[in-house]
Amino acid sequence: MAVLSIILLVLFVLVSLFLIFIVSIQSEDNSGLGGIFGGSSDSAFGGRSNRVMNKITAYTVAAFVILAIAVAFVNKSSDSSVLSSLKESAAATSTEKN
């Protein structure tokens, strides 16, 4: 499960960064951060670039939510918190000393 957890976490971080990038380059009535990269021209994806960017954003948000739930589900366990493992190691160390 540790390998799956790491893979899901890496995918989650990559999707998060991509989502931040996609949202930041979108233009809102030709103003904002989206205007830095292309001015008022949306010719990179053709005349329907607004629809394309909206679809990319929607799919990225869906992937973000699914990965967030998957990471939470994989990392969920009843007694595997850091504090409980520290308590167990401290208990084992104190019994070894006695």
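What this report covers is the structure whose coordinates are included nearby. For clarity, every value in this text was computed on a predicted model and none was experimentally measured.

As for the overall build of the protein
Then, number 1: When helices and strands are tallied, the protein shows 4 helices and 0 strands.
Then, number 2: Going residue by residue from the N terminus, the α and β elements of the protein occur as α-α-α-α.
Then, number 3: Relative to its full complement of 98 residues, the protein shows a buried share of 15%.
Then, number 4: Within the protein, counting contacts between residues at least 6 apart in sequence, those at least 24 apart form 72% of the total.

A closer look at the packing of aromatic side chains
Then, number 1: Using the criterion set out here, one finds 1 aromatic pair in the structure.
Then, number 2: Aromatic pair F12 and F64: ring centres 5.1 Å apart, planes at 25 degrees, arrangement stacked. Of this pair, F12 sits in helix α1 (residues 2-25) while F64 is found in helix α3 (residues 49-74), placing the two residues 52 residues apart along the sequence.
Then, number 3: A residue is classified by how much of its surface remains accessible, and F64, at 28% relative accessible area, is partly exposed.

Remarks on the side chain of T57
Then, number 1: Relative to the helices and strands, T57 is located in helix α3.
Then, number 2: A distance of 2.4 Å separates a polar atom in the side chain of T57 from a polar atom in the side chain of Q26.
Then, number 3: At a separation of 2.7 Å, a polar atom in the side chain of T57 contacts the main-chain carbonyl oxygen of M53.
Then, number 4: The residues touching T57, leaving out its near neighbours within four places in the chain, are L19, I22, V23 and Q26.

Notes on the nonpolar core
Then, number 1: Listed in full, the 5 residues of the largest apolar core are L8, V15, L67, V71 and V74.
Then, number 2: Those elements giving two or more residues to this core turn out to be α1 and α3.
Then, number 3: Of all the elements, α3 adds the most residues to this core, at 3 residues.
Then, number 4: Apart from residues lying up to four places away in sequence, V71 is in contact with L8, L9 and F12.

Conventions we followed
Residues numbered from 1 in each chain as written. Predicted model: local features only at pLDDT ≥ 70, side-chain atom pairs only at ≥ 80, totals over all residues. Heavy atoms only, no water. Helix = DSSP H or I, 4+ residues; strand = E, 2+ residues; numbered from the N terminus. Buried < 20%, exposed > 50% of the residue type's maximum accessible area, 1.4 Å probe, protein only. Contact = heavy atoms within 4.5 Å. Phe/Tyr/Trp six-rings, centres within 6.5 Å; stacked < 30°, edge-to-face > 60°. Polar contact = N/O pair within 3.5 Å; in protein donor to acceptor, adjacent residues only side chain to side chain. Core = buried A, V, L, I, M, F, W, Y, C linked by side-chain atoms within 4.5 Å.

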